[in-house]
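So the chains spell out like this:
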Amino acid sequence: MKNHGENPAKNGITSEELESLLHQVLREDGKVFPVSEEDIRNLEVEIDPNEVQNIDPARLLARVRNQKSEERSKVVSLFGKTSPEVENDLIAMAARNGGQITDEVRKQMEKDRANAEKGLTDEK
Amino acid sequence: MRENATVAEKLATQAADDLDLLLRMTFKDENRGDAEAALVEFFRRYQTTLLGFAEKNGFRALGWSPDDFVLRTFEKAFEKAGSFKAPSGLSPEKLRLKIQSWLFQIAKNEFLMEFRRPERKQEALTQKEQEEAEVQNPLPEKAPERFDLSALKSKKAAVRTFLEALPETDSEMLVISMNFYDFKTGKAHIPDDILTGLANSMGTTPESIKTKRGRLLRKLEEYLETKT
């Protein structure tokens, strides 16, 4: 990264001190990855659990199971295979214990899908 | 999670300690249902801090979803549960911090891998890359600060005001770049391959990120001169 000036500024801060100060402030505010256990403690204090909308674990299970089935699908099926869409639906349904998807989760899934598709388009 | 898990089994999982949950996750090939039940409880205990962090920082500027970032981290944690190491006899509080720091290191690896050689994302990692990605050095108790910044404490509020006044994209770019801060040199050094990936994600060029970042730091310096 380009150095923006080695010499101390008028107020006596060198460019290294400036970046150190900025990094410290960002760590204290939980905006960059924590680099110490103390940062993690600060982050825990900084985050109000009531303001965080936790993720439905069924979404994690669906991904974990999907990954597992992708690993298995490397084996060539002799009798054809279920389409990935159907397989994903079945896995997701199993992860929800057969329950319905709430509107909130449905919205999030659509958002995730849009992001994933955007990623695929960008890669092309 | 096993669909037919009994209430007693569910309660036992909720009461299990963190190490027990991690251990059960390592046996995913032998007892998948039990490992998944342990994962769900582990996720319930630890997702909030990581999610809160993902929502606070600038990953949105890169088109990332905080949820996706957190889910990816826990997927990896499930896969690598056996790599978690902690000395025996830790207090529950210490153990919790060790687990959080392990999760954040996994998250950071995922963050870096996202930018590294995007054209090779679909290819298998080399042995060396795999080893590098899996190294999980424990985080120190305190950050190895290069300078004694206590004299500059009074300037922190001004730094925050400066950041808040910046246009969102500038502020996010500066924040993201500070994830590459190196305590040894006292400066952020973004590796070239990551800088290229970052520039692609932000729809700009590596050179323009460097120039803009330098300009923003000069502005901050001037701001501190006048305001403190």
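This text goes with the structure placed above it.
Residues numbered from 1 in each chain as written. Chains lettered and ligands numbered in written order. Predicted model: local features only at pLDDT ≥ 70, side-chain atom pairs only at ≥ 80, totals over all residues. Heavy atoms only, no water.

Draft legend 1. The side chain of Ser65(B), seen in detail. Within the secondary structure, Ser65(B) sits in the loop between helix H3 (32-56) and helix H4 (66-79). The class of Ser65(B) is buried, set by a relative accessible area of 8%. Looking at Ser65(B), its side chain comes within polar contact range of the main-chain nitrogen of Asp68(B), at 3.0 Å. Ignoring sequence-local partners within four residues, the contact set of Ser65(B) consists of Gln108(A), Asp112(A) and Asn115(A). (Helix = DSSP H or I, 4+ residues; strand = E, 2+ residues; numbered from the N terminus. Buried < 20%, exposed > 50% of the residue type's maximum accessible area, 1.4 Å probe, protein only. Polar contact = N/O pair within 3.5 Å; in protein donor to acceptor, adjacent residues only side chain to side chain. Contact = heavy atoms within 4.5 Å.)

Draft legend 2. A look at the interface of chain B and chain A. Taken together, the 78 residues of chain B in the interface contact 59 residues of chain A. For the chain B and chain A pair, buried surface summed over both sides reaches about 6800 Å², with 61% attributable to carbon and sulfur atoms. Contact with chain A buries surface across chain B, with Lys56(B), Glu75(B) and Lys187(B) losing the most and accounting together for 10% of the total. Inspection of the region where chain B meets chain A yields 14 salt bridges. The salt bridge involving Asp29(A) is made with Arg160(B); its shortest N-O contact spans 2.8 Å. If you tally residues by element for the side of chain B that touches chain A, the top one is H3(B), at 13 residues. (Buried area = accessible area lost by both parts, 1.4 Å probe. Salt bridge = Lys/Arg side-chain N within 4 Å of Asp/Glu carboxyl O.)

Draft legend 3. Just the pattern of salt bridges, in detail. In total, this model carries 28 salt bridges over all chains according to the counting rule given. In this structure, Asp39(A) and Arg27(A) form a salt bridge, with 2.9 Å as the shortest nitrogen-oxygen distance. With a gap of twelve residues between them, Asp39(A) in helix H2 (residues 37-46) and Arg27(A) in helix H1 (residues 15-28) connect regions that are remote in the sequence. Comparing Asp39(A) with Arg27(A), the two get one shared label, buried. Among the ionic contacts, a cluster of salt bridges with common partners joins Glu28(A), Asp29(A), Lys156(B) and Arg160(B).

By themselves these figures say nothing about function.
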